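# Working through the structure, step by step
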Amino acid sequence: NEPEILPIFFPRLVYRKLENYEKAIENYTKELYYSSENQKVYNNRAYCFAKLGKYKEAVSDYTKSLSIDPKNLHSLTIEEYATKDSASIETYEIC
């Protein structure tokens, strides 16, 4: 399925850099169809949700990311901040 993922992979990064978070979320969601256990995709989609002020969705994706990789301290830290203070989540950049 790799050829099917490539057209999704690059636009999502471009949309995110252009701060077109809705389109980035759309592309991350498509990617999850092919790779539903990709922890980084959940992290990145959560970041986009947070930038749009959709904190419940962001926390949901960070929680899913942690269920895939419980040792991911980056997700854990951001998820803790997001549940305590929704504004704090915007200070983090996801890689």
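Keep in mind it's a predicted model, so treat the numbers as computed, not measured. The numbers attached to residues start from 1 for each chain and follow its sequence in the written order. Local features in a predicted model are, by the rule used here, given only for residues with pLDDT of at least 70; side-chain atom pairs are given and counted only at 80 or more, and totals for whole chains, interfaces and linings are based on all residues. The side-chain figures draw on all heavy atoms in the structure; neither hydrogens nor water molecules are used.

## Quick notes on the packing of helix α2 (residues 21–34) against helix α3 (residues 39–51)
Helix-helix packing: each pair is described by the crossing angle between the helix axes and the interaxial distance. What counts, and what does not: The axes are straight lines fitted to the C-alpha atoms, using for helices just the contacting stretch, and the angles between their N-to-C directions are given from 0 to 180°. Only runs of H or I of at least four residues qualify as helices and only runs of E of at least two qualify as strands under DSSP, and these elements are numbered from the N terminus. Any angle that falls under 35 degrees is termed roughly parallel, while one over 145 is termed roughly antiparallel, one within 65 to 115 roughly perpendicular, and all others oblique. Crossing handedness is read from the near helix: turned anticlockwise from the far helix by less than a right angle, it gives a left-handed crossing, and turned clockwise, a right-handed one. By definition, residues are in contact when any of their heavy atoms lie within 4.5 Å. Three classes are used, and their members are as follows: Ala, Val, Leu, Ile, Met, Phe, Trp, Tyr, Cys and Pro are nonpolar, Asp, Glu, Lys and Arg are charged, and the others, Gly among them, are polar.
One way to put it is that α2 packs onto α3 with a least axis distance of 9 Å and a crossing angle of 155°. Of the possible angle classes, the one that applies to α2 and α3 is roughly antiparallel. When you trace α2 past α3, the crossing you get is left-handed. Two secondary-structure elements touch here, α2 through Tyr21, Ala24, Ile25, Tyr28, Thr29, Glu31 and Leu32 and α3 through Val41, Tyr42, Asn44, Arg45, Tyr47, Cys48, Phe49 and Lys51. When grouped by side-chain class, the residues that make up the contact of α2 with α3 number 10 nonpolar, two polar and three charged.

## Here we look at the pattern of salt bridges
Short version of the rule: For this document, the term salt bridge refers to a Lys or Arg side-chain nitrogen within 4 Å of an Asp or Glu carboxyl oxygen. For each residue, the accessible area found with a 1.4 Å probe, counting protein chains only, is set against the maximum for its type, and the residue is called buried under 20%, exposed over 50%, and partly exposed in between.
What the rule picks out here adds up to five salt bridges. With its nearest N and O atoms 3.7 Å apart, the salt bridge here joins Lys30 to Glu26. Here Glu26 and Lys30 lie together in helix α2, a separation of four residues that amounts to about one turn. Of the residues examined, Lys30 reaches a relative accessible area of 42% and is grouped as partly exposed. Between Glu37 and Lys64 there is a salt bridge, with its nearest N and O atoms 3.5 Å apart. Highlighted residues: Glu37 in the loop between α2 and α3 and Lys64 in helix α4 (residues 55–68), separated in sequence by 27 residues. The network of salt bridges with shared partners includes Lys23, Glu26 and Lys30.

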